[in-house]
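Results of the structural survey
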Amino acid sequence: MGGGKAVILGPVAADQRLRVFEAFAQVVNSLGGDYVTAEDVGVSVADMKLVASHSPFVSGVSEAGGAGGDPSPYTALGVRLGIEAAVMHAFGRKSIEGLRIAVQGLGGVGGNLARELSERGARLFVSDIDPAKVESVCDQYAAVPVAADDILSQDVDVVAPCALGSTITERVAHTISARLIAGGANNQLANRKVGGILLQRGIAYAPDYVVNAGGIIMVSAEYFGTNDRQSVRSAIERIFERTFELLERADKTRRFSGDVADDIARETISTAKSNAAERRASQLANAEN
């Protein structure tokens, strides 16, 4: 789970959407279950229901029987928990109340994250390419609107990238005033050099795939039918501990947190492969006996 991504090059006209997603379902079917799809940027639950009518290899479709459907609230929950863990690490604070947090992008994840943060007393600065989303979030949460080109340079404590990737460039890394970067966007860093700059400047970074895993945790549970709401929430809540321990390990080893996260991921995958190989060998041995 979390190992692949599908892209439909858009824009897709409304009268072509049905045909395009039917074709997409056939491509997913051709992979025979090696890839399971779910919604992300520009894709809705309705689109996934259409795919589900042509393919069994889809999730993020329905809340019937537990957690399911739109994964963005679950992603936002995990990002909020990751921010809180990173704040505890970077600032020694148990609460985000009163902290100035800039949210870049107010789509499904960013909009829900704004709600999560506002409910816990954070002071929000927000931007999006859609003025209507900015206006709505500002009205609901007393956020400060910021031009999209200026959001990353705000005088804030935390920057939460929740738009598309590669927004943290070398220039941004050299000039950003926030002491912490933690958000829901994938591939936030433009290149590997950015990590070195952030480390040198003492800016904490909560790796994207660590804190934004809430959505994939939910759609995985929905797909396998283990989507009891409390179980899903408990699994997502582990993001707090995971993020804090990762940042502490990075500090102790004086390494960039993104590199440490990659090492932990490789260790996890290697262990899983080894355990799977042992199970297969045991099954074969039992079959022969």
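I will try to describe carefully the structure that is included in this document. (Residues numbered from 1 in each chain as written. Predicted model: local features only at pLDDT ≥ 70, side-chain atom pairs only at ≥ 80, totals over all residues. Heavy atoms only, no water.)

Quick word on the overall build of the protein
Secondary structure assignment for the protein yields 11 helices and six strands. Once the C-alpha set of the protein is aligned to its principal axes, its extents read approximately 65 × 50 × 35 Å. Counting the 289 residues in the protein, one finds 44% classified as buried. Of all intrachain contacts in the protein linking residues separated by at least 6 positions in sequence, the fraction that spans at least 24 positions is 58%. A total of about 15100 Å² of accessible surface is found on the protein, and carbon and sulfur atoms cover 51% of it. (Helix = DSSP H or I, 4+ residues; strand = E, 2+ residues; numbered from the N terminus. Buried < 20%, exposed > 50% of the residue type's maximum accessible area, 1.4 Å probe, protein only. Contact = heavy atoms within 4.5 Å. Areas by Shrake-Rupley, 256 points an atom, 1.4 Å probe, with all protein chains shown as cover.)

Focus on a nonpolar patch on the surface
A cluster of nonpolar side chains, namely Met1, Ile216 and Phe224, defines an oily patch on the protein surface of about 330 Å² accessible area. In this fold, methionine 1 is placed in the segment before helix 1 (17-30). (Patch = residues over 30% accessible without salt bridge, like charges linked within 9 Å, V, L, I, M, F, W, Y side chains within 5 Å. Salt bridge = Lys/Arg side-chain N within 4 Å of Asp/Glu carboxyl O.)

Digging into the packing of aromatic side chains
In this structure the tally under the stated criterion is three aromatic pairs. With a centroid separation of 5.2 Å and 80° between ring planes, the pair formed by tyrosine 223 and phenylalanine 224 is classed as edge-to-face. (Phe/Tyr/Trp six-rings, centres within 6.5 Å; stacked < 30°, edge-to-face > 60°.)

Description of the side chain of glutamate 116
Here glutamate 116 lies in helix 4 (residues 108-119). Of the polar contacts made by the side chain of glutamate 116, one reaches the side chain of arginine 80; its length is 2.9 Å. (Polar contact = N/O pair within 3.5 Å; in protein donor to acceptor, adjacent residues only side chain to side chain.)

Considerations on unusual backbone geometry
Keep in mind that most residues, glycine aside, have a negative phi and that most peptide bonds are trans. Residues glycine 10 and proline 11 are joined by a peptide bond in cis, for which omega reads 0°. Structurally, the position occupied by proline 11 is in the segment before helix 1. For alanine 142, which is not glycine, the phi torsion reads 55° and is therefore positive. The residue alanine 142 is located in the loop between helix 5 (131-141) and strand 3 (144-145) in this model.

Brief notes about the pattern of salt bridges
For the structure on display, the rule yields 15 salt bridges. Across the pair arginine 255 and aspartate 263 runs a salt bridge whose closest N-O atoms are separated by 2.9 Å. The partly exposed category is assigned to arginine 255, whose relative accessible area is 34%. When salt bridges with common partners are traced through the structure, they connect Arg80, Glu84, Arg115, Glu116, Glu119 and Arg120 into a single cluster.

Things to note about the pairing of strand 2 (residues 123-127)
Of all five residues in strand 2, four are buried, a share of seventy percent or more. Judged from the five bridges that link them, strand 1 (residues 100-104) and strand 2 form a sheet pairing that is parallel. The residue of strand 2 that forms the bridge with valine 103 is valine 126. In terms of handedness, the path from strand 1 via helix 4 over to strand 2 forms a crossover that is right-handed. Here strand 2 runs beside strand 3; their pairing, made up of two bridges, is parallel. The residue bridging valine 126 from the neighbouring strand is proline 145, located in strand 3. (Pairing = 2+ DSSP bridges. Right-handed = clockwise from strand over helix to strand, strands pointing away.)

Geometry only, nothing functional implied.
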